[in-house]
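This is what each chain is made of:
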Amino acid sequence: MRLDSLPSTGLIVLFVASIFFGSSAIFIRFATQASAISLTFFRLLIAAILMILFALSKRELRLLGRQDLLLVTVSGMLLSLHFATFILAVKETTVANATFLVNTSPVMLAVLSPLIIKERTTSRETLAVLVATLGIVFVAHAGNGFRFFGYGDVSALLAAFFVAIYALLGRHLRTGGMSTACYTAYVYTVATFASLVMVGVFNAQAFRVYDTQNILAIVGLGIVPTTLGHTLYNYALGSVKTVTANIFPLMEPIIASLFAIVLFSEIPTLTQTAGYTLILLGVVIVALPATAVMRNRIN
């Protein structure tokens, strides 16, 4: 049996990916000279170059059939749109609303997975989604109290929808035999070109002189949460259901908070800590069955 076909392996990979995801906010904070859209473009450009080189070195980059090429193109555009709509949401609504609404993707996947890719959502997964989502409510509310629903909130929901469909396409293509290196090389490349269009449309002025701190922050953003985090996430989609795979990234604010404690002495509130606890509980609920299987194999 292939290693990447084992659910337990996929869960471990998702946990590591979540750690990489958690570094995103730290790199963004240090990238003070670049606009949000510029950061989106550069992080995807770096990831695309690295994954193309990696796929070539592994001899896994191949010409795709018409249907697969169409699907990876749509997937890449969705990834770019996810970044863009979330950025817009942060600008147009409260941090609380943007944080909560963009993390509703597991709820969407619990409904969409059975309909689109015929992947049934179990009662355990439903419970995990509800518990983790409640945790996100706590975290978001502690960051900035909720307000009325508006334009920016619609954008945050769109960001969640885009990443949900992105996950479904990734799951379909990865379980269909496309390697992680080949899939991500194509997806990141398409997403890079899509974000470049947005740089031009929004006059983001991405191409300018940056100081050393900003260059390091941009490179770090492209390598750690994007190349490593998103690629490991896509690797896990080969063995882990989309609902479960999208619960693990909800740990991002927990990891980011741990980094912030060390780097910026930012201590989370009691409400945030309660939210983090619920998110971890949601992750544990979906991870327990695979953990038990792993323990039985070892024994």
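This is a predicted model, so every value here is computed, not measured. The written sequence of each chain sets the order in which its residues are numbered from 1. With the structure being a predicted model, the display of local features is reserved for residues of pLDDT at least 70 and the display and counting of side-chain atom pairs for 80 or more, all residues being used for whole-chain, interface and lining totals. Calculation of side-chain values draws on the structure's entire complement of heavy atoms; hydrogens and water are dropped beforehand.

Enquirer: What's the story with the layout of surface pockets in this structure? I'm lost.
Expert: Empty space among the atoms can be located by rolling a probe the size of a water molecule over them. Volume-wise, the largest pocket comes out at about 1,600 Å³. Two kinds of site are reported from a 1 Å grid over the protein atoms alone, namely cavities, where a 1.4 Å probe fits but cannot get out, and pockets, open sets with protein on both sides within 12 Å along at least five of seven lines, and residues are called lining when an atom falls within 4 Å of a point. If you go around the largest pocket, you meet 46 residues; those closest to its centre are S24, A25, F86, T99 and E252. Here the lining of the largest pocket is built from residues that sort into 30 nonpolar, 11 polar and 5 charged. Grid points are joined across faces, edges and corners, and a volume is the space filled by probe spheres set on the points. In this classification, Asp, Glu, Lys and Arg are treated as charged, Ala, Val, Leu, Ile, Met, Phe, Trp, Tyr, Cys and Pro as nonpolar, and every other residue, Gly included, as polar.

Enquirer: Quick question: what am I supposed to make of the pattern of salt bridges here?
Expert: One side chain can pair with another of opposite charge once the charged atoms of both are near each other. Basic side-chain nitrogens of Lys or Arg form a salt bridge, by our definition, when they fall within 4 Å of a carboxyl oxygen of Asp or Glu. Per the stated rule, a full pass over the model turns up 3 salt bridges. For E266, the salt bridge is made with R29, and the minimal N-O distance between the two is 2.6 Å. Pair noted here: E266 is in the loop between α12 (252–264) and α13 (270–298) and R29 is in helix α2 (residues 24–30), with a separation of 237 residues, a long-range link. E266 gets classed as partly exposed once you look at its relative accessible area, which sits at 34%. The partner of E119 in a salt bridge is R171, and the shortest N-O contact between them spans 2.8 Å. Comment: elements are numbered from the N terminus, with helices defined as DSSP H or I runs of at least four residues and strands as E runs of at least two. We call a residue buried when its accessible area falls under 20% of the maximum for its residue type, exposed when it is over 50%, and partly exposed in between, using a 1.4 Å probe and counting protein chains only.

Enquirer: Explain the packing of helix α4 (residues 66–92) against helix α9 (residues 180–201) to me, please; I cannot follow it from the model alone.
Expert: For any two helices packed against each other, the geometry is given by the interaxial angle and the distance between the axes. The contact between α4 and α9 brings their axes to 7 Å, and the two run at 50 degrees. Here α4 lies oblique to α9, going by the angle between them. The two elements α4 and α9 meet at a crossing, and its hand is right-handed. Of α9, the residues touching α4 (which contributes L69, V72, T73, S75, G76, M77, L79, S80 and A84) are Y183, Y186, V187, Y188, V190, A191, A194, S195 and M198. Class assignment of the residues belonging to the contact of α4 with α9 gives a composition of 13 nonpolar, 5 polar and no charged. To obtain an axis, a line is fitted to C-alpha atoms, over the contacting stretch when the element is a helix, and the angle between two such axes runs from 0 to 180 degrees between their N-to-C directions. Roughly parallel here means an angle under 35 degrees, roughly antiparallel means over 145, roughly perpendicular means 65 to 115, and every remaining angle is called oblique. If you view the pair so one helix is near and one far, a crossing is left-handed when the near helix is turned anticlockwise from the far one by less than a right angle, and right-handed when it is turned clockwise. We call two residues contacting when some pair of their heavy atoms lies within 4.5 Å.

Enquirer: Would you explain helix α6 (residues 105–116) in this entry?
Expert: Given 3.6 residues per turn, any residue in an α-helix points the same way as the ones three and four places further on. Every buried residue of α6 is listed here: S105, P106, M108, L109, A110, L112 and S113. Looking one or two places after α6, you find K118, whose phi comes out positive at around 55 degrees.

Enquirer: Looking at this structure, how should I read the packing of aromatic side chains?
Expert: For any pair of aromatic rings, the description rests on two quantities: the centre-to-centre distance and the angle between the ring planes. Aromatic rings from Phe, Tyr and Trp, with only the six-membered ring used for Trp, were paired whenever their centres fell within 6.5 Å, and each pair was classed as stacked if the ring planes differed by under 30 degrees, edge-to-face if by over 60, and tilted otherwise. Summed over all chains, the structure comprises 5 aromatic pairs. Note on F41 and F207: the rings are 5.7 Å apart at their centroids and 70 degrees apart in plane angle, and the pair reads as edge-to-face. Of this pair, F41 sits in helix α3 (residues 36–57) while F207 sits in the loop between α9 and α10 (212–236), and the two are 166 residues apart along the sequence. Judged by relative accessible area, F41 falls into the buried class, the value being 4%. A centroid spacing of 6.3 Å and a plane angle of 55 degrees characterise the contact between F161 and F162, whose relative ring orientation is tilted. Given the relative accessible area of 14%, F162 is considered buried. Taken together, the aromatic side chains of F41, F42, F207 and Y210 make up a single cluster linked through ring pairs.

Enquirer: When you look at the side chain of T244 in this model, what are you seeing that I'm missing?
Expert: Among the secondary structure elements, T244 is positioned in helix α11 (residues 242–247). When near neighbours in sequence (up to four residues on either side) are disregarded, T244 contacts L11, E125 and V286.

Interpretation note: all reported values are geometric properties and have no functional meaning in isolation.
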